[in-house]
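Analysis of the macromolecular model
Single-letter residue listing:
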Amino acid sequence: MERWEANVPRYRGGTGGHYESYFVRANHPGRPLGLWIRYTIFVPTGAGRPAQAELWAAVFSGEPGGTVSVYEAVPLATASFAGSQSGLQVRIGPAVLDDDPQGRRGSLSGRAASGGHDISWDLAYDGGADPVLLLAERLYDRGFPRAKALVPAPMAVFTGQVRVDGEAVQVNGWTGSQNHNWGSRHTDEYAWGQVAGFDNAPDSFLECSSARVTVAGLRTPWLTPIVLRHDGREYALNGLRAARRARGSYGANGTEYAWTLHSASRDEAERTVVVSAQFRAPADSFVSFDYRNPPGGSKTCLNTKIGMCDVRIEREGAAPVTLRSANRAAFEILS
């Protein structure tokens, strides 16, 4: 899948129920500081409920001042989401997000305010590797799972400025990604994680989740797809069979959330490859977001972009490798 294909909007109109989000996230190279900005379509199932476009923004900080988040919604008719081979163009009022797949660059600007806080942004990003698909590619055109996620531009480098309640945060060489997800309903339960550059492997990228959904009234087993790019290799443990065999569990002990993952497969030479990961983050580093569900109701998303992550790669015939990120891991839990 090419970058422009990964970014093409999936919403085709109607009232059948749909959500779709384009978001960027990036981290300071050394400090516990991260940004997250999300442009969303929300179309509830059935007639009579208003479709909206939503703006979400957060600056996550492990330093004095802490994390600030904001949310705004406007009628979907006042927004536009368009994409083709020439690029992605998203507009929600004066807020914009553009991605140029040929030039491998993008830009975004806008402002949102709520709860007595105000965040504005004026950012550009360059580069980005080829898209990372959290699911096997054939699943993106199928009905299961109903929620789809991928990364059109992993390892993008951001520059510009974010202002939080009037205070400027300079963004200079922050590494992150531009992301796209959509579906007819949110996943029932999941943990999701991403690392764009580890402390001891700045060019490596991890995308993973542990999720389960309800089908015909029955809850599925946990599915844990993992995609890791490291040292010129891609470990794509993301087919349904591999995701079902993998293990993933998460929870809280009162002061910290933790999530462990473990998956095994065989490489092109039929050698066993094992990828294990652990995410951790203090409970007070998370922000709680209310994600409305197209069929009705809402899901609670606990979200941080300054988590910790350790990854271990074990390849038959090679010494184990450990990757570490002290405070640049995205870590979400939805329930």
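Everything numeric in this text was worked out from a predicted model, so none of it was measured. (Residues numbered from 1 in each chain as written. Predicted model: local features only at pLDDT ≥ 70, side-chain atom pairs only at ≥ 80, totals over all residues. Heavy atoms only, no water.)

1. A closer look at the overall build of the protein
Which entries qualify depends on this criterion: By the criteria applied, helices consist of DSSP H or I runs no shorter than four residues and strands consist of E runs no shorter than two, each listed in order from the N terminus. Only C-alpha atoms enter the radius of gyration, while the globule expectation follows 2.2 Å times N to the 0.38, with N the number of residues. Each accessible area is a Shrake-Rupley estimate made with a 1.4 Å probe; only the visible protein chains count as cover when residues are assessed. The convention is simple: Lys and Arg are positive, Asp and Glu are negative, and His and the chain ends are not counted. Here the site of a charge means NZ on Lys, CZ on Arg, CG on Asp, or CD on Glu.
Of the regular secondary structure elements, the protein holds two helices and 24 strands. The C-alpha radius of gyration computed for the protein amounts to 19 Å, which stays within 12% of the reference 20 Å derived for 335 residues, consistent with globular compactness. Projecting the C-alpha coordinates of the protein onto the three principal axes gives extents of approximately 55 × 45 × 45 Å. Accessible area of the protein: about 13,900 Å², with a carbon and sulfur share of 49%. Here the protein contributes 35 positively and 34 negatively charged side chains, and the mean placements of these two sets differ by 6 Å.

2. With respect to the pattern of salt bridges
Rule in force here: By definition here, a salt bridge exists when the distance from a side-chain nitrogen of Lys or Arg to a carboxyl oxygen of Asp or Glu is within 4 Å.
The full count for this structure, using the stated rule, is 15 salt bridges. One continuous salt-bridge network, built from bridges that share partners, spans Glu189, Arg212 and Arg219.

3. Regarding empty space enclosed by the protein
Note the following rule: Only protein atoms enter the calculation, which uses a 1 Å grid: trapped sets of points that fit a 1.4 Å probe without letting it out are cavities, open sets showing protein on both sides within 12 Å along at least five of seven lines are pockets, and any residue with an atom within 4 Å of a point is a lining residue. Grid points are joined across faces, edges and corners, and a volume is the space filled by probe spheres set on the points.
Inspection of every chain in the model, using the stated rule, returns three cavities of 30 Å³ or more. The volume enclosed by the largest cavity comes to roughly 570 Å³. Lining the largest cavity are 35 residues, with Leu134, Ala147, Ala149, Thr187 and Tyr190 positioned closest to its centre. Of all the secondary-structure elements, those providing two or more residues to the lining of the largest cavity are strand E1 (18-27), strand E2 (33-43), strand E11 (147-164), strand E12 (167-183), strand E13 (189-198), strand E14 (201-212) and helix H2 (240-245). Considered as a void within the structure, the second largest cavity measures approximately 60 Å³ in volume. Around the second largest cavity, the lining residues are Tyr19, Arg38, Thr40, Phe42, Glu54, Trp56, His186, Tyr291 and Arg292. Breaking the lining of the second largest cavity down by element, the ones donating at least two residues are E2, strand E3 (52-61) and strand E22 (287-292).

4. Let's talk about a negative patch on the surface
Quick reminder of the rule: Within the patch definition used here, like charges are joined within 9 Å and nonpolar side chains (Val, Leu, Ile, Met, Phe, Trp, Tyr) within 5 Å, considering only residues with over 30% relative accessible area and no salt bridge. Categorising residues by exposure relies on relative accessible area from a 1.4 Å probe, with only protein chains included: less than 20% of the type maximum marks a residue as buried, more than 50% marks it as exposed, and the intermediate range marks it as partly exposed.
Where like charges cluster on the molecular surface, the negative patch consists of Glu2, Glu5, Glu137 and Asp141. Taking the relative accessible area as the measure of exposure, glutamate 137 reaches 44% and is therefore partly exposed.

5. Quick notes on the nonpolar core
Cut-off, in case you're wondering: Residue types Ala, Val, Leu, Ile, Met, Phe, Trp, Tyr and Cys, when buried and joined through side-chain atoms within 4.5 Å, form a set referred to as a nonpolar core. A contact between two residues is defined here by any heavy atoms of the two lying within 4.5 Å.
Ranked by internal contacts, the top residues of the largest apolar core, which has 36 residues, are Tyr39, Leu108 and Trp121. With six residues, E2 is the largest single contributor of residues to this core. The residues touching leucine 108, leaving out its near neighbours within four places in the chain, are Val24, Ile37, Tyr39, Val96, Leu97, Trp121, Asp122, Leu123, Tyr125 and Phe158. With 26 residues, the next largest nonpolar core counts Phe198, Tyr235, Trp259 and Val273 among its residues.

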